[in-house]
Amino acid sequence: MSETTSNNTTTSNTETVKKNPYASHAADFLSNVNNFQLIDSTLREGEQFANAFFDTEKKIEIAKALDDFGVDYIELTSPVASEQSRKDCEAICKLGLKAKILTHIRCHMDDARVAVETGVDGVDVVIGTSKFLRQYSHGKDMNYIAKSAVEVIEFVKSKGIEIRFSSEDSFRSDLVDLLNIYKTVDKIGVNRIGIADTVGCANPRQVYELVRTLRSVVSCDIECHLHNDTGCAIANAYCALEGGAKLIDVCVLGIGERNGITPLGGLMARMIVAAPEYVKSKYKLHKIRDIENLVSEAVEVNIPFNNPITGFCAFTHKAGIHAKAILANPSTYEILDPQDFGMKRYIHFANRLTGWNAIKSRVDQLNLSLTDDQVKEVTAKIKKMGDIRPLNIDDVDSIIKDFHQEVTTPMLRGKALATSPSQSSLKLDSEPPAKKAKTSSD
Ligand SMILES: CC(=O)SCCNC(=O)CCNC(=O)[C@H](O)C(C)(C)COP(=O)(O)OP(=O)(O)OC[C@H]1O[C@@H](n2cnc3c(N)ncnc32)[C@H](O)[C@@H]1OP(=O)(O)O
Ligand SMILES: O=C(O)CCC(=O)C(=O)O
Ligand SMILES: [Zn+2]
């Protein structure tokens, strides 16, 4: 017999089981939140990013880094895109990586014939099913699409490699058309079907509902490819998994056409909250920073300041109320533990929003001894200075050290009090204010 003692803790005679309030809901009995796979498309979708050019060496470096991180699949640009794309595909297939190598082609036998000769483990085939793409991209109707899909799938299967069929622009396609084409390809043994939010128009609820519907119609795995035009790519990926999708397409930093797709790091941030054991056991999370640096340098962009996990202030706490609670227990204001990603936590105390608890922690770090009242007094000085201009750590340390000297040297204190605290005693650095305060956990 068990007894619920709080919202998230259940006790029994023999054990205490902590329930994760962010895990899948019981109603999502088809959920793959605890059992998902990643298809990294940095070397396919990511190559479609405006700034991307990866030479062979860089592609190999990125592929190895992704493999080491633990992605399940690596998707490569179509071998018909260019002669070098084909050679690069062959070269990556020969690396003997743990991750399965896929290439991405149009739904056409000409592309399929080239793809199966590259040495890939699987082929991802795609064709637009929305009215827009049927009219303005390839000009084919649903009957033609079904016929060519069957031909390509059977051909690729006959070569003994994996085949996935995806409808491009799925969320602007007719549902009956989608059900028909997916049922058709499932019946002939496609390994996966893919749903693509090609223009980033879908919201999490729509993704969940479409995946749930398809889950009851096909027996093969479901993959989702979600663009980020309206900022939903991570949430949509999460809801796809809750609805029963098994695989999510990701790119490092989310790079891709326009503003890209679900980012690898951002999705890991979401998933570690929902399925911590699974995520930590499967993926080398402390490699995310290196992989993002590798790709950001290759495509010449900065890591966004607000990037999940690796943004420069992702684990920086500033306001005094936050700092006090974080120092007492980091879970108060952190859902992610920086250590899980090889990152550090910072308390930004050199500013006017600081509080005496944060300053006390700094006083301790400096190995100085002040009473609580004295720390409050020096905090007031720091905040006063912070009203005048941005502060850096040296400013704060100088204020603290001067104050400490005053209070521990009674003569000085008397003199200082008589003449009022002098700001000119501060060390004024020519360097710009530090972006990060010293870590409280150092
Ligand atoms: C949403 C996505 O991201 S899908 C993946 C996008 N990836 C790429 O485009 C890969 C890089 N692309 C390329 O290198 C070139 O576009 C190629 C080699 C694929 C084709 O080049 P081209 O033959 O010069 O054609 P172009 O790019 O101008 O037009 C695309 C052609 O593919 C056809 N097509 C488009 N999508 C599909 C599809 N899913 N299945 C079959 N044919 C398609 C179009 O009808 C058009 O054919 P056309 O010769 O009758 O005009
Ligand atoms: O192949 C797919 O599933 C997706 C293709 C693509 O990049 C897209 O539709 O945005
Ligand atoms: Zn895409």
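Nothing here was measured: the structure is a model prediction, and the numbers come from that model.

A. Just helix 5 (residues 142-158), in detail. For helix 5, built from 17 residues, the straight-helix expectation of 24 Å at 1.5 Å per residue is met to within 8% by its first-to-last C-alpha distance of 24 Å. Turning to helix 5, its buried residues number three or more, namely M142, I145, S148, A149, V152, I153, F155 and V156. The arc that holds every buried residue of helix 5, seen down its axis, measures 165 degrees, which confines them to one face. Turned more than 90 degrees off the buried face of helix 5, the exposed positions are N143, K147 and S158. If you follow the buried residues of helix 5, they end up packed against strand 6 (100-106), helix 3 (109-116), strand 7 (122-128), helix 4 (131-136), strand 8 (162-168) and helix 6 (175-187). One side-chain oxygen at the N-terminal end of helix 5 lies 3.2 Å from the backbone nitrogen of N143; it belongs to D141. Following helix 5 by one or two positions, G160 has its phi on the positive side, about 75 degrees.

B. Representation of the coordination of the zinc ion (ligand 3) within the structure. Note on the zinc ion (ligand 3): its protein donors are E45 (OE), H225 (NE2) and H227 (NE2). The metal-donor distances range over 2.0 to 2.1 Å. Mapping the donors of the zinc ion (ligand 3) onto the primary sequence gives the spacing E-x179-H-x1-H.

C. Structural view of the site of ligand 2. Around ligand 2 lies a shell formed by R44, E45, H104, V126, R164, S166, E168, A196, T198, H225 and H227. Measuring from an oxygen atom of ligand 2, one finds a side-chain N or O atom of E45 at 2.9 Å. In the complex, the protein chains occlude 94% of the 300 Å² of accessible area that ligand 2 would expose alone. A breakdown of the residues in the shell around ligand 2 according to their chemical character gives two nonpolar, five polar and four charged.

D. Seen up close, unusual backbone geometry. The phi angle at E300 is positive, at roughly 55 degrees, despite the residue not being glycine. You can see E300 is positioned in the loop between helix 11 (288-298) and strand 12 (316-317). The phi dihedral of I309 is positive, around 70 degrees, even though this residue is not glycine. Structurally, I309 is set in the loop between helix 11 and strand 12. Assessed through its relative accessible area of 2%, I309 is described here as buried.

E. Up close: the site of ligand 1. Within the structure, ligand 1 sits among 13 residues, and Q48, R106, C107, V126 and E168 are positioned closest to it. R106 places a polar side-chain atom, nitrogen or oxygen, 2.8 Å from an oxygen atom of ligand 1. Note that a nitrogen atom of ligand 1 is positioned 2.7 Å from one of the backbone N or O atoms of V126. Relative to its unbound accessible area of 990 Å², ligand 1 is 51% covered by the protein chains. Going through the elements one at a time, strand 6 and strand 7 are the ones with two or more residues in the shell around ligand 1. When its residues are assigned to classes, the shell around ligand 1 shows five nonpolar, five polar and three charged.

F. Spatial organisation of the packing of helix 1 (residues 56-69) against helix 11. Two elements in contact, helix 1 and helix 11, have axes separated by 10 Å at closest approach and are oriented at 160 degrees. Classified by the interaxial angle, the pair formed by helix 1 and helix 11 is roughly antiparallel. Relative to helix 11, helix 1 is oriented so that their crossing is left-handed. Here K58, E61, I62, A65, L66 and F69 of helix 1 come into contact with helix 11, specifically with I288, I291, L294, V295 and A298. Tallied by class, the residues present in the contact of helix 1 with helix 11 amount to nine nonpolar, no polar and two charged.

G. How the structure looks around the packing of helix 3 against helix 5. In contact at an axis separation of 10 Å, helix 3 and helix 5 are set at 15 degrees when each is read in the N-to-C sense. Relative to helix 5, the element helix 3 lies roughly parallel. At the point where helix 3 passes helix 5, the crossing takes the right-handed sense. On the side of helix 3, the interface is formed by M109, A112, R113 and V116, while helix 5 contributes E151, V152, F155 and V156. Grouping the amino acids of the contact of helix 3 with helix 5 by side-chain chemistry returns six nonpolar, no polar and two charged.

H. Region of interest: the packing of aromatic side chains. The final tally for this structure, using the stated rule, is four aromatic pairs. For the ring pair F36 and Y283, a centre distance of 6.0 Å and an interplane angle of 25 degrees mean the geometry is stacked. Within this pair, whereas F36 is found in the loop between strand 3 (16-18) and strand 4 (37-40), its partner Y283 is found in the loop between helix 10 (276-282) and helix 11, the two being separated by 247 residues in sequence. Residues F36 and Y283 agree in their burial class; the two are buried. Centroid distance F69 to Y283: 5.4 Å. Interplanar angle 15 degrees. Geometry classified as stacked. Placement of the pair is F69 in helix 1 and Y283 in the loop between helix 10 and helix 11, with a sequence separation of 214 residues. An aromatic cluster is defined as three or more aromatic residues linked by ring pairs; in this entry it consists of F36, F69, Y278 and Y283. Lying over the aromatic face of Y144, K140 brings its terminal NZ or CZ to 5.2 Å of the ring centre. Between R192 and the ring centre of Y73, over which it is positioned, the NZ or CZ distance is 4.9 Å.

I. Structural context of the confidence of the model for the protein. Taken as a whole, the protein shows an average pLDDT of 91; of its residues, 89% reach a score of 70 or greater. Scored below 50 in pLDDT, residues 1-16 makes 22 contacts in the model with residues more than four places away or belonging to other chains. Long-range and interchain partners of residues 416-442, a stretch whose pLDDT sits below 50, account for 55 contacts in this model, where long-range means more than four residues apart.

J. View of the nonpolar core. Counting 95 residues, the largest nonpolar core has L38, F69, I74, F165, Y182 and M268 as the members making the most contacts within it. With eight residues, helix 9 (residues 264-274) is the largest single contributor of residues to this core. The residues touching M268, leaving out its near neighbours within four places in the chain, are F36, L38, F69, V279, Y283, L285 and I288. One finds I347, L368, I393 and F403 within the second-largest nonpolar core, a separate group that totals 21 residues.

Analysis parameters
Residues numbered from 1 in each chain as written. Chains lettered and ligands numbered in written order. Predicted model: local features only at pLDDT ≥ 70, side-chain atom pairs only at ≥ 80, totals over all residues. Heavy atoms only, no water. Helix = DSSP H or I, 4+ residues; strand = E, 2+ residues; numbered from the N terminus. Expected span 1.5 Å × (residues − 1). Buried < 20%, exposed > 50% of the residue type's maximum accessible area, 1.4 Å probe, protein only. Arc of directions from axis to C-beta. Contact = heavy atoms within 4.5 Å. Polar contact = N/O pair within 3.5 Å; in protein donor to acceptor, adjacent residues only side chain to side chain. Donors = N, O, S within 2.8 Å, 3.2 Å for Na, K, Ca; no water. Near = heavy atom within 4 Å. Areas by Shrake-Rupley, 256 points an atom, 1.4 Å probe, with all protein chains shown as cover. Nonpolar A, V, L, I, M, F, W, Y, C, P; charged D, E, K, R; others polar. Axes fitted to C-alpha atoms, helices over the stretch in contact; angles between N-to-C directions. Parallel < 35°, antiparallel > 145°, perpendicular 65-115°, else oblique. Left-handed = near helix turned anticlockwise from the far one by under 90°. Phe/Tyr/Trp six-rings, centres within 6.5 Å; stacked < 30°, edge-to-face > 60°. Lys NZ or Arg CZ within 6 Å of the ring centre and 35° of its normal. pLDDT = per-residue confidence, 0-100. Core = buried A, V, L, I, M, F, W, Y, C linked by side-chain atoms within 4.5 Å.

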